[in-house]
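What follows is the residue order along each chain.
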Amino acid sequence: MKFIDLRSDTVTEPTDRMRTAMAEALVGDDVYEDDPTIKLLEEYTAKLTGKEAALFTPSGTFANQLALFTHCNRGEEVILPHDCHIVAHEVGGASVIAGVQLRAIESVNGKMDIDKVKKAIRYVDDIHYPETGLICIENAYSDGTVLSLDYMKELHMVAKEAGLKVHMDGARLFNAALSMKEEVSEVLKYVDSAMFCLSKGLCAPVGSMLVGDEEFIKKARKKRKLMGGGMRQAGILGAAGLIALKEMRLRLVEDHENAKYMAEELSKIQGIEVLKDNLDINMVFFNITDNRLKGKMTQEAFLKEGIKINPEEDNMMRFVCHYYISKSDIDTVINFIHRLRRY
Ligand SMILES: *Cc1c(COP(=O)(O)O)cnc(C)c1O
């Protein structure tokens, strides 16, 4: 049975073109830097992002933690938005791997107040103070919003003035750039390193990329090995990654349009309140304001119709659009909710 899976864009399986490319990929031992497909992927990524170098990693969490581990010394402090992925969803890895402490700054849609960031930077040489090691941002933010280029520029200036680097968690970097109407290389001008996922809306089965300057990536390559992320014939995965970047990246606009269509249709349903300010990418967030409808909109009820959803989180539902969600799938979902209301 084919499900309509709205839980996340991580559920996207590799496409037929990816599977063929994976089967035919030229490979070598990537720990010896002998894998031609990974080399291609890393070169292509560097060019596309306007950075000097790139590194293939097993996951986005891995790449973020590797970035902290490479940029920072133990005991340093990382300034970042209070509910970003690195704080909320990476199992406390920063304290285990990089050995850093997270200085979480209250934020709205991933935006930390610039003055609060300035205040949080430890300029003064005080025997009690941990040193600031890094500033992190997340764009697109996991609440479905993007940062503006102006904000990124301003934060970058503040970091530069303090002699600090900025790392960007860009799990959905291409969705962000699309929504910001900017080239990816323009967005990344204002950060020193960034990671993005091949395995979300881009449909690759496994992998994320870390980008930065040559020196940073060289250091990160060794730390990746320490973390157990030195992979051998990784080109099998890299082949799918190349298709993700060359082809699947160019169709993300469909997911954004579908999300807007879904939001529009959902907002026509009485008892559903769509968060219209959180509609920058491929995600739709909404509240169910009618308790009777809320009681009916269970995972089990949807599953019986062949639709997979996540339960409410903080009183909010999230439906995610991706390659395997067509406009007619959205109609199916909307019609089902209309039916639920009427029962
Ligand atoms: C998914 C995600 C990650 C982590 O990626 P994984 O490949 O799942 O480890 C990091 N940051 C954000 C914002 C994400 O959405």
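Residues numbered from 1 in each chain as written. Predicted model: local features only at pLDDT ≥ 70, side-chain atom pairs only at ≥ 80, totals over all residues. Heavy atoms only, no water.

The condition is simple: UniProt positions are given in the numbering used here, feature names are shortened, and annotations may be inferred rather than shown by experiment.
Looking at an unreviewed UniProt entry, the protein chain carries the name Threonine aldolase, with the source organism given as Acetoanaerobium pronyense. The record in UniProt for the protein chain states the following under Sequence similarities (unreviewed entry): "Belongs to the threonine aldolase family."

### Re the packing of aromatic side chains
Inclusion rule: Pairing of aromatic rings covers Phe, Tyr and Trp, the last counted by its six-membered ring, and requires centre-to-centre distances within 6.5 Å; plane angles under 30 degrees mean stacked, over 60 mean edge-to-face, and any other angle means tilted. Runs of H or I in DSSP of at least four residues are treated as helices and runs of E of at least two as strands, each being numbered from the N terminus. Burial here depends on accessible area, computed with a 1.4 Å probe over protein chains only, as a share of the maximum for the residue type. Under 20% is buried, over 50% is exposed, and the range in between is partly exposed. When the NZ atom of lysine or the CZ atom of arginine is within 6 Å of a ring's centre and also within 35 degrees of its normal, the charge is said to sit over that ring.
Enumeration according to the criterion identifies 5 aromatic pairs in this entry. Each ring, one from Phe-286 and one from Phe-319, has its centre 4.9 Å from the other, and the planes form 80°; the classification is edge-to-face. Here the residue Phe-286 occupies a position in strand β12 (residues 283–288), and Phe-319 occupies one in strand β14 (residues 317–320), the gap between them amounting to 33 residues. In terms of burial, Phe-286 and Phe-319 fall into one category: buried. Among the aromatic residues, ring-to-ring pairing joins Phe-286, Phe-302, Phe-319 and Phe-336 into one connected group. Positioned above the aromatic ring of Phe-3 is the side chain of Lys-308, whose terminal nitrogen or guanidinium carbon lies 4.3 Å from the ring centre.

### Regarding the state of the cysteines
Applicable threshold: Criterion for a disulfide: a pair of cysteine sulfur atoms at a distance within 2.5 Å.
For the structure shown, the criterion picks out 0 disulfides. Free cysteine Cys-72: the closest other cysteine sulfur is in Cys-136, separated by 7.3 Å. The thiol of Cys-321 is not disulfide-bonded; the next cysteine sulfur, from Cys-203, is found 13 Å away. A relative accessible area of 0% places Cys-321 in the buried class.

### Quick word on the sheet that holds strand β11 (residues 272–274)
Whether parallel or antiparallel, the strands of a sheet pair through hydrogen bonds between backbone atoms. Quick reminder of the rule: Strand pairing is defined by DSSP finding a minimum of two bridges between the two strands. In this analysis an axis means a line fitted to C-alpha atoms, helices contributing only their contacting stretch, and an angle means the value between N-to-C directions, from 0 to 180 degrees.
Pairing is antiparallel in the open sheet, where 3 strands are placed in the order β11-β12-β14. Strands at the two margins of the open sheet, each flanked by one partner only, are β11 and β14. Within the sheet, the average angular offset between the axes of one strand and its neighbour, ignoring direction, is 35°. Bridging between β11 and β12 involves 3 bridges; their strand directions are antiparallel.

### Some details on the site of the ligand
Stated formally: Whether a residue is near a molecule or strand is decided by its heavy atoms; if any one of them lies within 4 Å of it, the residue is near. For this analysis, a polar contact is any N or O atom pair within 3.5 Å, provided that within protein one partner can donate a hydrogen and the other can accept it, and provided that sequence-adjacent residues contribute only side-chain to side-chain pairs. Computed by Shrake-Rupley with a 1.4 Å probe, the accessible areas treat only the displayed protein chains as cover when residues are assessed. Here the term charged refers only to Asp, Glu, Lys and Arg, the term nonpolar to Ala, Val, Leu, Ile, Met, Phe, Trp, Tyr, Cys and Pro, and the term polar to all other amino acids, Gly among them.
What surrounds the ligand is a group of 13 residues, the closest being Gly-60, Thr-61, Asp-169, Arg-172 and Lys-200. In the environment of the ligand, an oxygen atom lies 2.8 Å from a nitrogen or oxygen atom belonging to the backbone of Gly-60. Between the ligand and Arg-172 there is a distance of 3.1 Å, counted from an oxygen atom to a side-chain nitrogen or oxygen. Its free accessible area being 380 Å², the ligand has 84% of it covered by the protein chains. Listed by contribution, the elements that provide at least two residues to the shell around the ligand are α3 (60–71) and β9 (193–197). For the shell around the ligand, the element with the highest residue contribution is α3, accounting for 3 residues. By residue class, the composition of the shell around the ligand is 3 nonpolar, 5 polar and 5 charged.

### Quick word on a nonpolar patch on the surface
Stated precisely, the cut-off is as follows: Excluding any residue in a salt bridge, patches collect residues exceeding 30% relative accessible area, merging like charges within 9 Å and nonpolar Val, Leu, Ile, Met, Phe, Trp and Tyr side chains within 5 Å. Think of a salt bridge as a Lys or Arg side-chain nitrogen and an Asp or Glu carboxyl oxygen that are within 4 Å of each other.
Residues Met-1, Phe-3 and Leu-303 make up a contiguous nonpolar surface patch of about 330 Å² in total accessible area. Note on placement: Phe-3 falls in the segment before β1 (4–5).

### Some points on the confidence of the model for the protein chain
Note the threshold: Per-residue confidence from the predictor is reported as pLDDT, which spans 0 to 100.
Of all residues in the protein chain, 100% attain a pLDDT of 70 or more, and the chain-wide mean is 97. The least confident element of the protein chain, judged by mean pLDDT, is helix α13 (residues 291–296) at 94; the most confident is strand β10 (residues 208–212) at 99.

### Some details on the environment of Leu-164
This is how the line gets drawn: The contact definition used throughout considers only heavy atoms, calling two residues in contact when any of these lie within 4.5 Å.
By the element assignment, Leu-164 lies in the loop between α7 (149–161) and β8 (166–169). Residue classification places Leu-164 among the buried positions, given a relative accessible area of 7%. Remark: the alpha-carbon pair of Leu-164 and Ile-121, spanning 43 residues in sequence, is separated by 9.3 Å. In this structure, Leu-164 is in contact with Ile-121, Thr-132, Gly-133, Leu-134, Ile-135, Ala-159 and Asp-192, ignoring residues within four places of it in sequence.

### Let's talk about the nonpolar core
Applicable threshold: Put simply, a nonpolar core is a bunch of buried Ala, Val, Leu, Ile, Met, Phe, Trp, Tyr and Cys residues held in one set by side-chain atoms that sit within 4.5 Å of each other. What marks off one domain from the next here is an automatic or database domain assignment.
Among the nonpolar cores identified, the biggest contains 60 residues, and Ile-135 and Leu-198 are the most heavily contacted of them. Mapping this core onto the domain boundaries places at least three of its residues in each of domain 1 (4–9 + 251–342) and domain 2 (14–249). Discounting chain neighbours no more than four positions away, the residues touching Leu-198 are Leu-41, Phe-56, Cys-203, Ala-204, Gly-207, Ser-208, Met-209, Gly-241, Ala-244 and Leu-245.

### Things to note about the domain arrangement of the protein chain
Note the following rule: Buried area: the sum, over both parts, of the accessible surface (1.4 Å probe) that disappears when the two are put together.
What the domain assignment reports for the protein chain is domain 1 (4–9 + 251–342) and domain 2 (14–249). The gap between the C-alpha centroids of domain 1 and domain 2 is 29 Å. With both chains or domains summed, domain 1 and domain 2 bury close to 1,600 Å², and 55% of this area falls on carbon and sulfur atoms. Broken down residue by residue, the surface that domain 1 buries against domain 2 is led by Asp-9, Leu-252 and Ile-281, which jointly contribute 36%. At the boundary of domain 1 and domain 2, one finds 1 salt bridge. The shortest N-O distance in the salt bridge between Asp-9 and Arg-172 comes to 2.8 Å. Here domain 1 and domain 2 share 9 residue pairs in polar contact (both at pLDDT 80 or more) between them. Broken down by secondary-structure element, the contributors of at least two residues to the side of domain 1 that touches domain 2 are α12 (252–267) and β12. Looking at the side of domain 1 that touches domain 2, the element that brings in the most residues is α12, giving 3 residues.

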